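Understanding the architecture of this molecule
Chain by chain, the residues:
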Amino acid sequence: MKTKLAINFSEKLTTTPLTYRLVKEFDLKVNILKANIDFNHNGHILYEIIGSKEQIEATLQELSTLDLTYRLVDSTIKIDRDICTDCGLCTSVCLSDALTIGEPDWELDFNTENCVGCNNCILVCPSQAIKMNDIL
Ligand code: SF4
Ligand code: SF4
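Structural notes, computed from the coordinates. (Residues numbered from 1 in each chain as written. Chains lettered and ligands numbered in written order. Predicted model: local features only at pLDDT ≥ 70, side-chain atom pairs only at ≥ 80, totals over all residues.)

Here's the deal with the overall build of the protein chain
Along the protein chain, the regular secondary structure elements total 3 helices and 8 strands. Each helix and strand of the protein chain, placed in order from N terminus to C terminus, yields the pattern β-α-β-β-α-β-β-β-β-α-β. Taking the principal axes of the C-alpha coordinates as reference, the protein chain spans close to 45 × 30 × 20 Å. A total of 136 residues make up the protein chain; the buried ones form 21% of that total. (Helix = DSSP H or I, 4+ residues; strand = E, 2+ residues; numbered from the N terminus. Buried ≥ 20, exposed ≤ 12 C-beta atoms within 10 Å, placed from the backbone.)

Observations concerning the environment of A129
Summarising the element assignment, A129 is placed in the loop between helix 3 (120-124) and strand 8 (130-132). Linking A129 and E48, residues 81 residues apart in sequence, is a C-alpha distance of 24 Å. Those residues in contact with A129 that lie beyond four places of it in its chain are I79, D80, I83 and C84. (Contact = placed C-beta atoms within 7 Å.)

Here we look at the site of ligand 2
Taken together, 13 residues sit near ligand 2, with C84, C87, L89, C90 and C125 positioned nearest. Across the shell around ligand 2, the residue classes tally to 9 nonpolar, 3 polar and 1 charged. (Near = placed C-beta within 6 Å. Nonpolar A, V, L, I, M, F, W, Y, C, P; charged D, E, K, R; others polar.)

Side note on the sheet that holds strand 1 (residues 2-9)
Across the sheet, 4 strands lie side by side as 2-3-1-4; this open sheet has antiparallel pairing. The open sheet is flanked by strand 2 (29-36) and strand 4 (68-73), the only strands paired with a single partner. Neighbour-to-neighbour, the strand axes of the sheet open up by a mean angle of 20°, direction not taken into account. Direction of pairing for strand 1 relative to strand 3 (residues 43-50): antiparallel, over a ladder of 8 bridges. Looking at strand 3, one finds that K4 is bridged to E48. (Pairing = 2+ DSSP bridges. Axes fitted to C-alpha atoms, helices over the stretch in contact; angles between N-to-C directions.)

Some words on the site of ligand 1
Residues in contact with ligand 1 amount to 14 residues; listed here are only the nearest, C94, A98, C115, C118 and C121. Of the residues belonging to the shell around ligand 1, the class tally is 9 nonpolar, 5 polar and no charged.

With respect to the nonpolar core
By size, the foremost hydrophobic cluster in this structure holds 12 residues: L5, A6, I7, F9, L22, F26, L28, I45, L46, Y47, I49 and I56. Leave out the neighbours within four places in its chain, and I45 touches I7, L18, I32 and A35. I77, L99, L108 and C115 belong to the second largest nonpolar core, which has 11 residues in total. (Core = buried A, V, L, I, M, F, W, Y, C linked by C-beta atoms within 7 Å.)

Digging into unusual backbone geometry
Cis peptide bonds are those with omega within 30 degrees of zero, and the linkage from E103 to P104 qualifies with 5°. Looking at the element boundaries, P104 is found in the loop between strand 6 (99-100) and strand 7 (109-110). One non-glycine residue with positive phi stands out, namely Q128, at about 55°. Note on placement: Q128 falls in the loop between helix 3 and strand 8. Classification of Q128 as exposed rests on a count of 10 C-beta atoms within 10 Å.

Put into structure tokens, the structure is as follows:
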């Protein structure tokens, strides 16, 4: 399965090799989508992780023993369909094809699996229909 894992950790874990452990100990395929890590400060990382259900459960079990909080998240953004006008502007800045629009209905389509959380779409939406999910 493929999912997104958001981790917030305390300054005490700044030097802990979390990514290394996810790969070496739990054999996950890991992409770092976002990271804010500064020595001796609280930090956060958003991963895309790929592995079996058992691997991911074992990983979460281990994370729960550390000084951090984590969440599995489906999407890094949310779209208010009541506000969206299907203008399509956001699709032009979405480089991962998470946002598309086209035939037959010309309605905005959001594929959460493709979203890498770059937030480009939030900046360009004239209707402010896209918001960040509060995950980090
Ligand atoms: S956050 Fe980035 S990748 Fe995700 S839908 Fe918006 S533009 Fe596309
Ligand atoms: S830019 Fe905003 S209003 Fe236009 S399609 Fe995207 S979410 Fe909808």
